Structure formats: structure tokens, C-alpha cells
Amino acid sequence: EVPHLNISAGTRRRYDVLVNRLRLYGKLTAWDDLTVENIYKWDAWLHQLPAPQSNGDIQAGRVKYIKDSAVYNYHRTLGAMLSRAVKFGIIEHNPYERLRGEFRRGMSENTEYLSEEEIAAIESIHPMEGTQMAMARDLFLFQVYTGLAYSDAEAFDIADYKKVNGKWVNVGNRIKTGVPYVSQLMPQVVEILERYGMQTPKVNNVQYNASLKVIQQALGIKTRLHSHLGRHTFGTRMQALGAKLENVQRMMGHRDIRMTQRYAKVLAESVRDDFAMVEEKLKVNKTLTKVNGGGKSL
């Protein structure tokens, strides 16, 4: 039985997903089974779980497995559950205390973000006020301008903020990780909040992502809009506009600066792509010059 006392709906869902995985595994059925050795075996089993396969993968006979980041999240959720079990006196010790640093989050190589033109396109649409579409648009832009994850945006409370030199500022802790972050509300964010009585628009995650898909299709945006893309866009954008890497880390509440460096890597790749594009155009121009008789004689 999972201790559900005083936990958010999001945490409850993560616990439920974890319990279903444990049932599928079938070898961790009692509290006494949760030993360091058995957790290592559980980790090995998790790494063999197949990920959803595309048609191309199936036709080519390829099998993809779930990412290290997904395995890490299972460990983190189980560790949090066991900490609660210790607190409630169900078990005496959490085996994850002896496993600190053993299981690491994998770093995604494909961090997507929106361009300035795409952000402007989303800002330019004005769905009917009070509709689910309008709330989804506003919540997404809230994330783009704050970098807050969906769970943190959902728990947003203006009472946590103080006015410093005329700006709303807060030093809080992320809902999912407990890592401190520093948040300052830009004018665009305050404008959104004022439409909802200084609260964030309330849209459940399923409806939110469904509405973002409609907005994406309506605007012809190629990148898939989803509830975490706003946060990715914030991190990439802040670095592109000159914010220091370590400050972006604090803004986003990243425990490890390597997570923040993903955005710098994406920007570097984008710059290299532009170099390649310009180089290719220069080659074409040079070829055309030769075809048209070369340059002027001196």
C-alpha cells in the first residue's frame, strides 16, 4: 500500500505509475524485498524495458529501450516513497540512502525550443477569454517567460513573491525536486496573471497538451507544443540573450549545471547550422559567378 497522505495529485499519479511497474516486475512485492541488492536488480530490469517503437523501428527490426532519464525518475519516485515509509514507521531505513549518486539522470541530446518568431506568433493569437484555449495559451506563455515547470506553475502563489525595486521576486523550491530557484516576474507575466486575479490559469495537463496541439497546428509550428517546451524555450532564450549560465541554472532550479548546459549546446549547434547554411550559399554563389564568366579583370 502506498502512503498517500498529504500528497499532490501529480505525486499520486507518479506513485501509481511506479506501483504498476513494480507489479509488472513482480520481485519487489513486500517492504522487506527493498534491499540495496534488489534495487540494483530492479535497475537492470528497468533498462531492458522497451520504449514505444516507431513504424520505422519495427520495419528495420530495431528495439529501443526507455531512456536513462525515465529509469532515474523511477528510482527517484521509489526513493521518495520509501522516505515517506520511514517517516510513517513502516520501515526503519531507506536503502537509497546507501545508493546516493549511483543512479543518474541521462542528459537529453534533443532539447527543443521555440524561435522568437514562433513565440511572437503564439502571442499574436487571442482566443475567446475564459476558454480552455485561451488559458492554455496564457499558461504556456507564463512558462516561456518564467521557466517554471508545469507542476510549479500549477502551485504558483503570488503571496510567495515580494516586491524588490518594483519587481515581483521569489526564492522558492521546485515541487518535483525541492531544488531552490530564483524567479522574477517579467511585465509579460504580470499581464497574464492580472487577467486571472494574480493567479495562473488552471488547466489540467491532458487538456493543456491537447489545446497546445491545436494551437501548434493552427499556427503551422513544426515543433510539437507540450507543457515542458515553454521551460526549454526559457532556458535556451535566456542564454541566447546573454544571461550567465550559472544564473540560468538558478532561475530554473537545476540541481546539476550540466542540465543547464544542454541549452548552451543547442545554441552552439544552431550556430553551426547557420555557418553550414552560409557556407553552402557561398559555394552556390561562387559556382554561378564562374558560369556567368567570372569576376572583373584588373
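The structure under discussion appears in the preceding block.
All values reported here derive from a predicted model rather than from experimental measurement. (Residues numbered from 1 in each chain as written. Predicted model: local features only at pLDDT ≥ 70, side-chain atom pairs only at ≥ 80, totals over all residues. Heavy atoms only, no water.)

Colleague: Give a description of the overall build of the protein that names residues and reports values.
Modeller: Secondary structure summary: the protein contains 12 helices and three strands in total. Out of the 298 residues belonging to the protein, those deemed buried represent 38%. Partitioning the contacts of the protein with sequence separation of at least 6, the portion at a separation of at least 24 is 60%. Counting only carbon and sulfur atoms, one obtains 52% of the accessible surface of the protein, whose full area is about 18,200 Å². (Helix = DSSP H or I, 4+ residues; strand = E, 2+ residues; numbered from the N terminus. Buried < 20%, exposed > 50% of the residue type's maximum accessible area, 1.4 Å probe, protein only. Contact = heavy atoms within 4.5 Å. Areas by Shrake-Rupley, 256 points an atom, 1.4 Å probe, with all protein chains shown as cover.)

Colleague: So what's going on with the nonpolar core? Which residues, and what values?
Modeller: Grouped together as the largest cluster of nonpolar side chains are 30 residues, with contacts concentrated most on L114, F140, L185, Y208 and L225. Where this core is concerned, the elements lending two or more residues are helix 5 (116-124), helix 6 (132-146), helix 7 (150-154), helix 8 (187-195) and helix 9 (205-219). Ranked by residue count, the leading element in this core is helix 6, at eight residues. The residues contacting L225, other than those within four sequence positions of it, are L114, I122, F140, L212, I215 and Q216. In terms of nonpolar packing, the next biggest core, distinct from the first, is built from 25 residues, I39, M81, A85 and F103 among them. (Core = buried A, V, L, I, M, F, W, Y, C linked by side-chain atoms within 4.5 Å.)

Colleague: Break down the packing of helix 2 (residues 36-46) against helix 4 (residues 68-87) for me, with residues and values.
Modeller: Where helix 2 meets helix 4, the axes come as close as 10 Å, and the angle between the chain directions of the two elements is 145°. For helix 2 against helix 4, the interelement crossing comes out right-handed. Note on element contacts: helix 4 touches helix 2 through V71, Y74, H75 and L78, opposite I39, W42, D43 and L46. Of the residues contributing to the contact of helix 2 with helix 4, the split by class is six nonpolar, one polar and one charged. (Axes fitted to C-alpha atoms, helices over the stretch in contact; angles between N-to-C directions. Left-handed = near helix turned anticlockwise from the far one by under 90°. Nonpolar A, V, L, I, M, F, W, Y, C, P; charged D, E, K, R; others polar.)

Colleague: Outline the sheet that holds strand 2 (residues 167-173), supporting the account with residue identities and numerical values.
Modeller: Within the open sheet, the three strands sit side by side as 1-2-3. Their pairing is antiparallel. Two strands lie at the open edges of the sheet, namely strand 1 (162-164) and strand 3 (180-184), each paired on one side alone. Strand-to-strand twist of the sheet, defined as the mean angle between neighbouring strand axes without regard to direction, takes the value 35°. Across five bridges, strand 2 lies against strand 3 in antiparallel orientation. Residue pairing across strands places V171 opposite V182, the latter belonging to strand 3. (Pairing = 2+ DSSP bridges.)

Colleague: How would you explain the packing of helix 10 (residues 229-240) against helix 11 (residues 245-252) if you had to name every residue and give the values?
Modeller: Following both chains from N to C, one finds helix 10 and helix 11 inclined at 155°, their axes separated by 10 Å at the closest point. Comparing their axes, helix 11 and helix 10 come out roughly antiparallel. Viewed along their axes, helix 10 and helix 11 form a crossing whose handedness is right-handed. For the pair formed by helix 10 and helix 11, the contact residues are R231, F234, G235, M238 and Q239 on the first element and L245, V248, M251 and M252 on the second. Grouping the amino acids of the contact of helix 10 with helix 11 by side-chain chemistry returns six nonpolar, two polar and one charged. (Parallel < 35°, antiparallel > 145°, perpendicular 65-115°, else oblique.)

Colleague: Mind laying out the packing of aromatic side chains, listing which residues take part and the relevant values?
Modeller: In this description, an aromatic ring pair is defined by two values, namely the gap between the centres and the angle between the planes. Per the counting criterion, the structure on display carries seven aromatic pairs. For the pair Y25 and W45, a centre-to-centre distance of 5.0 Å together with 50° between the ring planes defines the contact as tilted. Within this pair, whereas Y25 is found in helix 1 (residues 9-25), its partner W45 is found in helix 2, the two being separated by 20 residues in sequence. Ring plane angle 70° and centroid distance 6.4 Å describe the contact between W42 and Y74, whose orientation is recorded as edge-to-face. You can see W42 sitting in helix 2 and its partner Y74 sitting in helix 4, a full 32 residues away along the chain. Under the relative-accessibility criterion, W42 is labelled buried at 0%. An aromatic cluster is present here, built from Y25, W42, W45 and Y74 joined pairwise through their rings. (Phe/Tyr/Trp six-rings, centres within 6.5 Å; stacked < 30°, edge-to-face > 60°.)

Colleague: So what's going on with the pairing of strand 2? Which residues, and what values?
Modeller: Bridging between strand 1 and strand 2 involves three bridges; their strand directions are antiparallel. Along strand 2, the bridge assignment pairs K162 with V169. The hairpin formed by strand 1 and strand 2 contains two residues between the paired strands, and N165 there has a positive phi angle of roughly 55°.

Colleague: A description of the pattern of salt bridges should follow, citing residues and the corresponding values.
Modeller: Tallied over the full model, the rule gives six salt bridges. The partner of R237 in a salt bridge is E116, with the nearest N and O atoms 2.8 Å apart. Linking R237 in helix 10 with E116 in helix 5, this pair joins segments that are 121 residues apart in sequence. What makes E116 partly exposed here is its relative accessible area of 41%. The closest approach of N and O atoms between D138 and R195, which form a salt bridge, is 3.0 Å. On the criterion of sequence distance, the pair formed by D138 in helix 6 and R195 in helix 8 is long-range, its members being 57 residues apart. With relative accessibility at 3%, the residue D138 sits in the buried group. Put simply, R137, D138, E191 and R195 are held in one network by salt bridges that share partners. (Salt bridge = Lys/Arg side-chain N within 4 Å of Asp/Glu carboxyl O.)

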